[in-house]
There are 2 protein chains.
Amino acid sequence: MKAIRVGLLGLGTVGSGVVKIIQDHQDKLTHQVGCPIVIQKVLVKNIDKKRDVELSRDILTTNVYEVIEDPEVDVIIEVIGGIEETKQYLLDALRAKKHVVSANKDLIALYGSELLACAKENGCDLYFEASVAGGIPILRALEEGLASDRITKMMGIVNGTTNFILTKMNKDKAPYREVLKEAQRLGFAEADPTADVEGLDAARKMAILARLGFSMNVALDDVKVKGISQVSDEDISFSKRLGYTMKLIGIAQREGQKVEVSVQPTLLPDHHPLASVHNEYNAVYVYGEAVGETMFYGPGAGSMPTATAVVSDLVSVMKNMRLEVTGRSFVDPQFEKKMKSPTEIFAQQFLRIHVKDQVGSFSKITSTFSERGVSFEKILQLPIKDNEDLAEIIIVTHHASEADFIEILQQLNDLEVVHEIKSTYRVEGNGWS
Amino acid sequence: MKAIRVGLLGLGTVGSGVVKIIQDHQDKLTHQVGCPIVIQKVLVKNIDKKRDVELSRDILTTNVYEVIEDPEVDVIIEVIGGIEETKQYLLDALRAKKHVVSANKDLIALYGSELLACAKENGCDLYFEASVAGGIPILRALEEGLASDRITKMMGIVNGTTNFILTKMNKDKAPYREVLKEAQRLGFAEADPTADVEGLDAARKMAILARLGFSMNVALDDVKVKGISQVSDEDISFSKRLGYTMKLIGIAQREGQKVEVSVQPTLLPDHHPLASVHNEYNAVYVYGEAVGETMFYGPGAGSMPTATAVVSDLVSVMKNMRLEVTGRSFVDPQFEKKMKSPTEIFAQQFLRIHVKDQVGSFSKITSTFSERGVSFEKILQLPIKDNEDLAEIIIVTHHASEADFIEILQQLNDLEVVHEIKSTYRVEGNGWS
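Since this is a predicted model, take the numbers as computed values, not measurements.

**Some points on the packing of aromatic side chains**
Residues and elements named next belong to chain A.
No. 1: Inspection of the entire model under this criterion finds eleven aromatic pairs over all chains.
No. 2: Taking the centre distance of 5.0 Å and the plane angle of 75° together, the rings of Phe369 and Phe376 count as edge-to-face.
No. 3: Using a relative accessible area of 22% as the deciding quantity, one classes Phe376 as partly exposed.
No. 4: Here Lys87 stacks its cationic end above the ring of Tyr111, 4.1 Å away from the centre of that ring.

Right, dumping it as structure tokens:
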């Protein structure tokens, strides 16, 4: 029985996890696929570095093309990260008729379509389950389990760092800066946390999810992004008072033939299933016309969960190879991309403003909304501690178009009675039973 | 492009849902599979009945063998339910080289292994995603997404009726009988609710899950079952006081080469993700050595969710047909079945007893535990309203073997100071962070 041979690009924590799983589960994997897996070549930065996994020194190399062009290698597993260079490696690998498994969300979000096209051209598989929500087999669920349904909405907590930070802010009533430092100390946030806290990482994953869920070529640029660095502990405590939990939520929604995709700090009712996804955990909520509400929950990152997803992809590729059906793994997008305009995106909005505490303030504000046909679900007015001249007003609107809401904000800003617009957040999941 | 032709056994709510999905999503399905689907023959009880779906009268029949033996039919979809007769139909269908998709958990739990063997022998596919937790693609996740992991534990809320009843009992503080009646009125419980409330339905699903998750021929008889009909509202309110939520939980657990599978009313910490699965919803929590904790949540029943799962299976079968790789869908069990004995099953236990309120009662009770090396995590003693002679004692033990716990219960029963053992429940998920 001929073994299937793997070339591994990268032997960091995920790469080592992949090696460990392949070594520890050799029996189970062979049983499932019907032939053994051999790790043939491994790209490393430094051959002499001491490692947790046992690998013969002979198979380590610092030259990426010794892996990609090794005629014995059947499948390339890419866990080195990076974008432009790595894209070239994978294109070269595919052209050399190697199947590819990648955990690289940055790369797939930017160049997924191009890489998939190249894979198809060369009759090769390209799998990337680990690129979204590491330990959650969500891409598989969208491609197969919900294959016969029409998915109309996906909401995801797809970034562990920001969920960890918001969970702590919510629990300890601590300010953002402080919690970010703690997250960095604990290894849940990187030294430069920008990609996470500004929502870019989540946006990449939402682009990938939207592409598969809606069968449409959604690009990273199509995703509107707002991060959590401006979220204040007051915002969290006021929203809590109204029964909401703040989460960084990626939303992909389809109405008719048009879609919207965004990432932003969002308020969810406390009893919404996504509201109880804590710490570094991820979850993706999927609404399908027939199936209704489903949710997939699990670790979003971490070397072993990510490695598990990578090896599951490897198993799929190996099955395809043995069945001689590679190169057909993902179907081409079925629909032409059509993004909604701001007049077509409707949502409830949470708005916190400081107004001058004088007769008529309130009615001037509310008439700004009613002139544009926007009504309220909740209103809360409170005095501001240590400031008798101002009052705190919190409004949760009924559904309003993004265009109307922006217009309203501008008009409020121009009102003399408005001292400051402190914050606005999208509100989701109110229909949840 | 040759169409793939479906024979449908049953045109009740699920069957009609299947027809509706196939008709409404013809485009998407054809796009995914590369050929059209045709509904060729449909078994019904009464040809003249008025129906929600539009089907030519010519393709309806009351003779099951006109469907099974139709030479044009490629795939049989079975949504009629029933066990012995239906088994024979499916065996005959498989022998006539028809692929089979079934939503029949009773049948699969009892005869799954035999049917799979027959499918394999005839080079046919047999899929049954809809048999466990309707709208949740959990079998797929176990077979593929977590393929490279070693699953050590599954806990499932896999019966909507009992979850609906326990949710209501918990929320409204209403007694079991009353809530059951409400559930029957709302259509969440059947006129004869036995299979649901006594845990048999959940046991069937756990047998199927354990078989796939542990790759072992677990039979329905291997599943220990206790239903919810004995759960009192006092049990729920006392467990709530200690921070627990009562759920009917199916547990499948593996240690080394041995497994245990059971269904029983179980106490979970309130913050455990399964504790917030409400009403008729289902969820399956899966622990894998590498991936850690994941959870899959969704509708457990309902005609459209079940129909979605059925059509997803149909899509898998059709893909396999087009790729000419049918008959290899599920792998044979990898391990010999080894069930744990009561001395090998360890769990925390909740125990509620009424004791005579006299000097020394408490120490007699606690020494019964300590003699068998079982210690306590929580103890609560309370007076009993309107009865000065007795006291209520609630104990949550640390992990104890089932054998030891049964022994302790017998000894407690023999103690003169023990008036009555009111209830015992397994406690799970305390390690949950």
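**Notes on the nonpolar core**
No. 1: Within the largest apolar cluster, 164 residues are counted, with the highest numbers of intra-cluster contacts made by Ile138 and Leu209 of chain A together with Ile138 and Leu209 of chain B.
No. 2: Discounting residues that sit within four places of it in the chain, Leu209 of chain A has contacts with Val132, Ile138, Leu139, Leu142, Met154, Val158, Phe214 and Val284 of chain A.

**Things to note about the pairing of strand E10 (residues 258-269) of chain B**
For a regular strand, the rule is simple: side chains alternate between the two faces of the sheet.
Residue and element names in this part refer to chain B.
No. 1: With respect to burial, E10 is a largely interior element, eleven of its twelve residues being buried.
No. 2: With two bridges joining them, strand E8 (residues 224-225) and E10 adopt parallel strand pairing. By the bridge assignment, Val225 is partnered in E10 with Val263.
No. 3: As paired elements, strand E9 (residues 244-255) and E10 share twelve bridges and run antiparallel to each other.

**Examining the interface of chain B and chain A**
Where the parts come together, the accessible area they lose is often given as the size of the interface.
No. 1: Contact with chain B, which involves 46 residues of that partner, is made by 46 residues of chain A.
No. 2: Both faces considered, chain B and chain A share a buried interface measuring about 4,100 Å² in area, 56% of it formed by carbon and sulfur atoms.
No. 3: When residues of chain B are sorted by the area they lose upon contact with chain A, His31, Ser148 and Tyr297 of chain B head the list and together hold 15% of the total.
No. 4: Across the chain B-chain A interface, the total number found is zero salt bridges.
No. 5: Summed over the shared surface of chain B and chain A, the number is four residue pairs in polar contact (both at pLDDT 80 or more).
No. 6: A breakdown of the residues in the side of chain B that touches chain A according to their chemical character gives 23 nonpolar, twelve polar and eleven charged.

**Re the UniProt feature "domain: ACT" (unreviewed entry) in chain A**
No. 1: The sites that carry the UniProt feature "domain: ACT" (unreviewed entry) are, in the present numbering, residues 350-426 of chain A.
No. 2: In the segment residues 350-426 of chain A, helix accounts for 31% and strand for 49%; the C-alpha atoms at its two ends are 6 Å apart.

**Notes on the packing of helix H4 (residues 84-95) of chain B against helix H5 (residues 105-121) of chain B**
Residues and elements named next belong to chain B.
No. 1: Running from amino to carboxyl end, H4 crosses H5 at an angle of 15°, the nearest separation of the two axes being 10 Å. Regarding the angle of H4 to H5, the classification is roughly parallel. In terms of crossing hand, the pair formed by H4 and H5 is right-handed. Together, Glu84, Thr86, Lys87, Leu90, Leu91, Leu94 and Arg95 of H4 and Leu107, Tyr111, Glu114, Leu115, Cys118 and Ala119 of H5 make up the contact between the two elements.
No. 2: In terms of residue class, the contact of H4 with H5 is built from eight nonpolar, one polar and four charged.

**Quick word on the domain arrangement of chain A**
Residues and elements named next belong to chain A.
No. 1: Taken as a whole, chain A is organised into domain 1 (4-134 + 303-323), domain 2 (138-299) and domain 3 (346-427).
No. 2: In this structure, domain 1 and domain 2 have C-alpha centres spaced 28 Å apart.
No. 3: On the side of domain 2, 13 residues touch domain 1, which itself brings 17 residues to the contact.
No. 4: Summed over both sides, the interface between domain 1 and domain 2 buries roughly 1,400 Å², with carbon and sulfur atoms accounting for 60% of that surface.
No. 5: The largest share of the area that domain 1 buries against domain 2 comes from Ala109, Glu129 and Val132, three residues that together contribute 40% of it.
No. 6: Our count for the domain 1 to domain 2 interface comes out at four salt bridges.
No. 7: Glu129 serves as the salt-bridge partner of Arg140, at 3.6 Å between the closest nitrogen and oxygen.
No. 8: Contributing elements (two or more residues each) for the side of domain 1 that touches domain 2: helix H5 (105-121) and helix H12 (303-323).
No. 9: For the side of domain 1 that touches domain 2, the leading source of residues is H5, giving seven residues.
No. 10: Taken together, the residues that form the side of domain 1 that touches domain 2 break down as seven nonpolar, six polar and four charged.

**Re the sheet that holds strand E2 (residues 37-43) of chain B**
All names here are of chain B.
No. 1: Read from one edge to the other, the open sheet built from six strands follows the order E3-E2-E1-E4-E5-E6, with strand pairing classed as parallel. If you trace the sheet from one side to the other, it starts and ends with strand E3 (60-61) and strand E6 (126-127), each paired once.
No. 2: Pairing of strand E5 (residues 99-102) with E6, which is carried by two bridges, proceeds in the parallel orientation. Within E6, the position partnered with Val100 by the bridge is Leu126.
No. 3: Each of strand E1 (4-9), E2, strand E4 (75-78), E5 and E6 touches helix H12 (residues 303-323); the most contacted strand, E5, lies at about 165° to it.

**A few points about helix H13 (residues 361-371) of chain A**
All names here are of chain A.
No. 1: Turning to H13, its buried residues number three or more, namely Ser361, Ile365, Thr366, Thr368 and Phe369. Buried residues of H13 fall within an arc of 145° about the axis and therefore sit on the same side.
No. 2: Those residues of H13 that are buried lie in contact with strand E13 (346-356), strand E14 (376-384), strand E15 (387-397), helix H14 (402-414) and strand E17 (418-427).
No. 3: Backbone geometry just after H13 places Gly373 at a positive phi near 75°.

**Notes on the pattern of salt bridges**
No. 1: Per the counting criterion, the structure on display carries 50 salt bridges over all chains.
No. 2: Taking the shortest distance from any N to any O, the salt bridge between Asp106 of chain B and Arg204 of chain B comes out at 3.2 Å. Pair noted here: Asp106 of chain B is in helix H5 and Arg204 of chain B is in helix H10 (residues 200-214), with a separation of 98 residues, a long-range link.
No. 3: Residue class for Asp106 of chain B comes out partly exposed when judged on its relative accessible area of 22%.
No. 4: Owing to a relative accessible area of 12%, Arg204 of chain B belongs among the buried residues under this scheme.
No. 5: The salt bridge partner of Lys205 of chain B is Asp201 of chain B, with a shortest N-O separation of 2.7 Å. Highlighted residues: Lys205 of chain B and Asp201 of chain B, both in helix H10, separated by four residues, approximately one helical turn.
No. 6: Each of Lys153, Glu255, Glu260, Lys340, Arg426 and Glu428 of chain A takes part in one network of salt bridges that share partners.

**Focus: the pairing of strand E4 (residues 75-78) of chain A**
Residues and elements named next belong to chain A.
No. 1: Here E4 shows no split at all, with Val75 and Ile77 on one side and Ile76 and Glu78 on the other all buried.
No. 2: Here four bridges tie strand E1 (residues 4-9) to E4, and the two strands are oriented parallel to one another. Note that in E4 the partner of Leu8 across the bridge is Ile77.
No. 3: Here four bridges tie E4 to strand E5 (residues 99-102), and the two strands are oriented parallel to one another. Bridged to Ile77 within E5 is Val101.
No. 4: Read from E4 through helix H4 (residues 84-95) to E5, the crossover connection turns out right-handed.

Cut-offs used in this document
Residues numbered from 1 in each chain as written. Chains lettered and ligands numbered in written order. Predicted model: local features only at pLDDT ≥ 70, side-chain atom pairs only at ≥ 80, totals over all residues. Heavy atoms only, no water. Phe/Tyr/Trp six-rings, centres within 6.5 Å; stacked < 30°, edge-to-face > 60°. Buried < 20%, exposed > 50% of the residue type's maximum accessible area, 1.4 Å probe, protein only. Lys NZ or Arg CZ within 6 Å of the ring centre and 35° of its normal. Core = buried A, V, L, I, M, F, W, Y, C linked by side-chain atoms within 4.5 Å. Contact = heavy atoms within 4.5 Å. Helix = DSSP H or I, 4+ residues; strand = E, 2+ residues; numbered from the N terminus. Pairing = 2+ DSSP bridges. Buried area = accessible area lost by both parts, 1.4 Å probe. Salt bridge = Lys/Arg side-chain N within 4 Å of Asp/Glu carboxyl O. Polar contact = N/O pair within 3.5 Å; in protein donor to acceptor, adjacent residues only side chain to side chain. Nonpolar A, V, L, I, M, F, W, Y, C, P; charged D, E, K, R; others polar. UniProt positions renumbered as here; feature names shortened; annotations may be inferred. Axes fitted to C-alpha atoms, helices over the stretch in contact; angles between N-to-C directions. Parallel < 35°, antiparallel > 145°, perpendicular 65-115°, else oblique. Left-handed = near helix turned anticlockwise from the far one by under 90°. Domains from an automatic or database assignment. Arc of directions from axis to C-beta. Right-handed = clockwise from strand over helix to strand, strands pointing away.

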